[in-house]
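Chain by chain, the residues run as shown.
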Amino acid sequence: MNPWRWLTTPDPHPGFTTPKLLKLLVRVMLFAVLATLLSSLLQLTPLRPYLNTWWGSLLFVLALYLPLSRFLNVDTFVPRRLQAQVDARSAAGRTTRAQRRKERNRYAGVRKSAPRGGRR
């Protein structure tokens, strides 16, 4: 697996595991290097006096952070599609045949349908 794919693929395991924390550290370091590099390059332009103010620094950080926020937060929330796969794998191994049959036959003898509306 190439390094970029490793960084951008969310880890489906819950909690902060060692690989997840390592990925987070690498992402933050890349963000810091990129921010420093862009800031130093912008210091060479006529924007230098504006970048040295508090509002110029704030605009620079927001302009940099907003596009990269998804990259930094890849492992914060597990996407639903990955969580469904993890749940399906873990649930399939734990249920017995009797439990599955019981769930399948749960509504087998029900003749009446659910109520169809509100009060009249």
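Above this text is the structure in question.
As a starting point, this report considers the structure included with it.

Thresholds applied
Residues numbered from 1 in each chain as written. Predicted model: local features only at pLDDT ≥ 70, side-chain atom pairs only at ≥ 80, totals over all residues. Heavy atoms only, no water. Helix = DSSP H or I, 4+ residues; strand = E, 2+ residues; numbered from the N terminus. Buried < 20%, exposed > 50% of the residue type's maximum accessible area, 1.4 Å probe, protein only. Contact = heavy atoms within 4.5 Å. Areas by Shrake-Rupley, 256 points an atom, 1.4 Å probe, with all protein chains shown as cover. Bend = angle between axes of the 7 residues up to and from the residue. Core = buried A, V, L, I, M, F, W, Y, C linked by side-chain atoms within 4.5 Å. Axes fitted to C-alpha atoms, helices over the stretch in contact; angles between N-to-C directions. Parallel < 35°, antiparallel > 145°, perpendicular 65-115°, else oblique. Left-handed = near helix turned anticlockwise from the far one by under 90°. Nonpolar A, V, L, I, M, F, W, Y, C, P; charged D, E, K, R; others polar. Patch = residues over 30% accessible without salt bridge, like charges linked within 9 Å, V, L, I, M, F, W, Y side chains within 5 Å. Salt bridge = Lys/Arg side-chain N within 4 Å of Asp/Glu carboxyl O. Lys, Arg positive; Asp, Glu negative; His and termini not counted. Charge placed at Lys NZ, Arg CZ, Asp CG, Glu CD. Polar contact = N/O pair within 3.5 Å; in protein donor to acceptor, adjacent residues only side chain to side chain.

Some details on the overall build of the protein chain
Then, in step 1: Along its length, the protein chain carries 6 helices and 0 strands.
Then, in step 2: Ordered by position in the sequence, the α and β elements of the protein chain form the string α-α-α-α-α-α.
Then, in step 3: Looking at the protein chain residue by residue over its 120 residues, the buried ones come to 15%.
Then, in step 4: Partitioning the intrachain contacts of the protein chain with sequence separation of at least 6 by distance along the chain shows that 54% fall at a separation of at least 24.
Then, in step 5: Accessible surface, the protein chain: about 10500 Å² in total, of which carbon and sulfur atoms supply 64%.

A word on helix α4 (residues 54-72)
Then, in step 1: For α4, the principal kink sits at leucine 66 and spans about 45°; a proline, proline 67, occurs within the next four residues.
Then, in step 2: Residues of α4 that are buried in the fold lie against α1 (3-8), α2 (18-43) and α3 (48-51).

Focus: the nonpolar core
Then, in step 1: Leu7, Phe31, Ala35, Leu51, Phe60, Leu64, Phe71 and Leu72 form the largest nonpolar core, which has 8 residues in total.
Then, in step 2: Among the elements of the structure, α2 and α4 are those that each provide at least two residues to this core.
Then, in step 3: When residues in this core are grouped by element, the largest group, 4 residues, is from α4.
Then, in step 4: Discounting chain neighbours no more than four positions away, the residues touching phenylalanine 71 are Trp4, Leu7, Thr8, Arg27 and Leu30.

Notes on the packing of α2 against α4
Then, in step 1: Where α2 contacts α4, the axes come no closer than 11 Å and their chain directions differ by 155°. By the angle class used here, α2 and α4 are roughly antiparallel. The way α2 lies across α4 gives a crossing that is right-handed. Across from Leu24, Arg27, Val28, Leu30, Phe31, Leu34, Ala35, Leu38, Ser39 and Leu42 in α2, the residues of α4 making contact are Phe60, Leu64, Tyr65, Leu68, Phe71 and Leu72.
Then, in step 2: Across the contact of α2 with α4, the residue classes tally to 14 nonpolar, 1 polar and 1 charged.

Points about a positive patch on the surface
Then, in step 1: A contiguous patch of positive charge on the surface is contributed by Arg97, Arg100, Arg101 and Arg104.
Then, in step 2: Within the secondary structure layout, arginine 101 lies in helix α6 (residues 97-104).

Quick notes on a nonpolar patch on the surface
Then, in step 1: On the surface, a nonpolar cluster with roughly 1100 Å² of combined accessible area is contributed by Leu47, Tyr50, Trp54, Trp55, Leu58, Leu59, Val61, Leu62, Tyr65 and Leu66.
Then, in step 2: The element best represented in the nonpolar patch is α4, accounting for 8 residues.
Then, in step 3: Note that tyrosine 50 resides in helix α3.
Then, in step 4: The exposure class of tyrosine 50 is partly exposed, given its relative accessible area of 47%.

Considering the environment of serine 69
Then, in step 1: Mapping serine 69 onto the fold places it in helix α4.
Then, in step 2: Residues serine 69 and phenylalanine 31, spaced 38 residues apart in sequence, show a C-alpha to C-alpha distance of 9.9 Å.
Then, in step 3: At 3.1 Å, the side chain of serine 69 and the backbone oxygen of leucine 66 are in polar contact.

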